[in-house]
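Spelled out, the chains give:
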Amino acid sequence: MQILVTAGPTREFIDPVRFLSNRSTGKMGYAIAEAAIDAGHSVTLISGPTFLQPPEHLHAFRPVVSALEMLDAVQQFLPVADALVMTAAVADFRPARRFDRKCHKGELGSTLELVPNPDILAAIRPLKEHRFFVGFAAETNDVLASAAEKLHRKGLDLIVANDVTQPGAGFETDTNIVTLLAPNATAETLPMLSKAETAQRIIARMEAEMQKR
Ligand code: C5P
């Protein structure tokens with residue numbers, strides 16, 4: 001299969017030296033890409049800024065910076081993909097204005113005007129057709145209820161939920177504790193595993209769900 005994976009954070013620049021972003025390191029998304037390659041798939045990785053080495057044997061690697069660039073790249077690669085794994089932590093907002101030179105103190109004022117970024121999954125939903133879409137939900141409370149709501153609202157085939165407040169789960173760690181939710185299936189909670197093992201389990205579950213079709 002051709003699998004498209006997004007990973008890492010996005011950066012939304014205010015001026016050439018300042019940006020809005022989040023704690024994503026890209027580890028989970030890069031592990032997904034690696035697990036998919038190891039399972040014999042052809043993988044394209046679209047990545048926001050990270051300090052990671054892209055896995056070997058990718059079909060293609062596309063570095064991006066902002067949410068708008070990530071949306072462009074997803075739209076470009078999606079037509080040839082059989083599945084999309086949207087691991088990236090996309091910034092929900094960007095500054096309304098980007099200055100092309102460094103702003104001096106005071107120039108920005110005390111309020112930064114923001115505009116919403118597109119929801120990439122929502123924007124590409126009309127192009128989904130037969131493709132299998134996997135989303136992630138990083139939550140701090142009501143984890144399963146929020147993930148179930150996102151699974152439905154975003155029209156996903158599988159969602160990977162995690163409570164980022166749990167030790168050993170979420171951002172920056174090398175381990176994760178996730179629950180997999182698919183429509184009309186009981187939730188499958190995995191034990192604390194390395195991100196590599198978690199990724200293998202996610203790819204295996206995705207393959208199993210696709211087999212059922
Ligand atoms: O709503 P929330 O951001 O928690 O949803 C997370 C899922 O939606 C992830 O799979 C993420 O990659 C995706 N997402 C997106 N576009 C956004 C924000 C999140 O596709 N602007």
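The structure under discussion appears in the preceding block.
The structure reproduced in this document is the subject of the present report. This is a predicted model, so every value here is computed, not measured.

## Re the site of the ligand
Inference 1: Around the ligand lies a shell formed by Met86, Ala88, Val90, Asp92, Pro118, Asp119, Ile120, Leu121, Gly135, Phe136, Lys150 and Lys154.
Inference 2: In this structure, Lys154 approaches the ligand through a side-chain N or O atom, which is 3.0 Å from an oxygen atom.
Inference 3: Protein contacts shield 87% of the accessible area of the ligand, which totals 450 Å² for the unbound molecule.
Inference 4: The set of elements that each furnish at least two residues to the shell around the ligand consists of α3 (120–124) and β9 (132–139).

## Observations regarding the sheet that holds strand β13 (residues 188–189)
Inference 1: Sheet architecture is open: 8 strands sit in the order β5-β4-β1-β6-β9-β10-β12-β13, paired in mixed fashion. Strands at the two margins of the open sheet, each flanked by one partner only, are β5 (60–63) and β13.
Inference 2: Two elements, strand β6 (residues 83–86) and β9, share 4 bridges in a ladder whose sense is parallel. The partner of Met86 across the bridge, within β9, is Gly135.
Inference 3: Here helix α2 (residues 67–77) sits on the sheet in contact with β1 (2–7), β4 (42–47), β5 and β6, set at roughly 165 degrees to β4.

## Some remarks on the environment of Met1
Inference 1: Mapped onto the secondary structure, Met1 falls in the segment before β1.
Inference 2: Note: C-alpha distance between Met1 and Thr189 (188 residues apart in sequence) is 26 Å.
Inference 3: The contacts of Met1, once residues within four sequence positions are left out, are His41, Ser42, Asp82, Met206, Glu207 and Met210.

Procedures and definitions
Residues numbered from 1 in each chain as written. Predicted model: local features only at pLDDT ≥ 70, side-chain atom pairs only at ≥ 80, totals over all residues. Heavy atoms only, no water. Near = heavy atom within 4 Å. Polar contact = N/O pair within 3.5 Å; in protein donor to acceptor, adjacent residues only side chain to side chain. Areas by Shrake-Rupley, 256 points an atom, 1.4 Å probe, with all protein chains shown as cover. Helix = DSSP H or I, 4+ residues; strand = E, 2+ residues; numbered from the N terminus. Pairing = 2+ DSSP bridges. Contact = heavy atoms within 4.5 Å. Axes fitted to C-alpha atoms, helices over the stretch in contact; angles between N-to-C directions.

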